[in-house]
Amino acid sequence: MSISDALNDLVAALTEHAEVMSGQDVSPERAVDVIEKVRLAAVRYSSETFDSSGWGSPFSDVFDDEEYVDGESDAEEIPDAAERISITGRWDFVVSDRKAWFAYVDQRLKELNLSDCAVELNNVAQAAHEILAHSDPFGAYTSHGLADGGKDWGIEEIPKTLSEMTAEERSAAAGTGAPSSGSDA
């Protein structure tokens, strides 16, 4: 696929989304379907852009703080006395079996009733993005007093993992920060 093809797919997905969402009685299933088509097309476009130019997603920081998109917050009121924590880290992975990785992601998305997200998965980072975008790795902690305060995360293809880098390379990578491929605040 080329950037032009990915752009055409994105425009088609956005056009379908606009047509469906213009109706008064949109079923939840149909709404989710067209939203996921737009997301998948945006991921494809971002992936093609990265593959072609090395630049990250043009959508990565469009909604840095999504809860305030309309000027209002949907988040619960946070008490002044609440304690806040932030977990920052980097986990690198090596996909040693591309076929097995895509099979796992495809199966996991089916289990989540999101099979349409698996259509045309062709990029290992895109596959990781789909898994993380549709799961809640810290969800188990919410019943133990931890509330989600927002997320900002990124996935990108990298030339070397942390274990392959020299100390100088790791230091330089930590100073620049990785381009974000996904964000959810």
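Calculation criteria
- Residues numbered from 1 in each chain as written.
- Predicted model: local features only at pLDDT ≥ 70, side-chain atom pairs only at ≥ 80, totals over all residues.
- Heavy atoms only, no water.
- Phe/Tyr/Trp six-rings, centres within 6.5 Å; stacked < 30°, edge-to-face > 60°.
- Helix = DSSP H or I, 4+ residues; strand = E, 2+ residues; numbered from the N terminus.
- Buried < 20%, exposed > 50% of the residue type's maximum accessible area, 1.4 Å probe, protein only.
- Core = buried A, V, L, I, M, F, W, Y, C linked by side-chain atoms within 4.5 Å.
- Contact = heavy atoms within 4.5 Å.
- Expected span 1.5 Å × (residues − 1).
- Arc of directions from axis to C-beta.
- Axes fitted to C-alpha atoms, helices over the stretch in contact; angles between N-to-C directions.
- Parallel < 35°, antiparallel > 145°, perpendicular 65-115°, else oblique.
- Left-handed = near helix turned anticlockwise from the far one by under 90°.
- Nonpolar A, V, L, I, M, F, W, Y, C, P; charged D, E, K, R; others polar.
- Salt bridge = Lys/Arg side-chain N within 4 Å of Asp/Glu carboxyl O.

## Focus: the packing of aromatic side chains
- The tally for this structure, following the rule as stated, stands at one aromatic pair.
- For the pair Trp101 and Tyr104, a centre-to-centre distance of 6.1 Å together with 25 degrees between the ring planes defines the contact as stacked. Residue Trp101 and its partner Tyr104 are both found in helix α3 (residues 98–111); the two are separated by three residues, about one turn of the helix.
- The class of Trp101 is partly exposed, set by a relative accessible area of 22%.
- By relative accessible area, Tyr104 is classed as partly exposed at 43%.

## Topic: the nonpolar core
- If you look at the biggest cluster of nonpolar residues, it comprises nine residues: Phe102, Val105, Leu109, Leu114, Cys117, Leu121, Val124, Ala127 and Ile131.
- Broken down by secondary-structure element, the contributors of at least two residues to this core are α3 and α4 (124–133).
- Residues contacting Ala127, with those up to four places away along its chain left out, are Trp101, Phe102, Val105 and Leu121.

## A short note on α3
- Counted at 1.5 Å a residue, the expected span for α3 with its 14 residues is 20 Å, and the 20 Å between its end C-alpha atoms agrees.
- Those residues of α3 lying buried are Phe102, Val105 and Leu109. The buried residues of α3 occupy an angular sector of 65 degrees when projected down its axis, which confines them to one face.
- Packing partners of the buried residues in α3 comprise α4.
- Asn113 sits one or two residues past α3 and shows a positive phi near 60 degrees.

## Quick word on the packing of helix α2 (residues 28–53) against α4
- Taken N-terminus to C-terminus, the directions of α2 and α4 make an angle of 150 degrees; their axes are 10 Å apart at the nearest point. One element, α2, and the other, α4, form an angle in the roughly antiparallel class. As α2 packs across α4, the resulting crossing turns out to be right-handed. Seen from α2, the contacting residues are Leu40, Val43 and Arg44; seen from α4, they are Gln126, His129 and Glu130.
- Counted by class, the contact of α2 with α4 contains two nonpolar, two polar and two charged residues.

## Comments concerning the pattern of salt bridges
- This model, assessed by the stated rule, comprises nine salt bridges.
- Residue Glu16 is joined to Lys37 by a salt bridge in which the shortest nitrogen-to-oxygen separation is 3.4 Å. With Glu16 in helix α1 (residues 3–21) and Lys37 in helix α2, this pair connects stretches of sequence that are 21 residues apart.
- What makes Glu16 partly exposed here is its relative accessible area of 22%.
- The salt bridge involving Glu36 is made with Arg39; its shortest N-O contact spans 3.2 Å. Of the two residues, Glu36 and Arg39 both sit in helix α2, three residues apart, roughly one turn of that helix.
- Assessed through its relative accessible area of 6%, Glu36 is described here as buried.
- One network of salt bridges, in which partners are shared, links Glu16, Arg30, Asp33 and Lys37.

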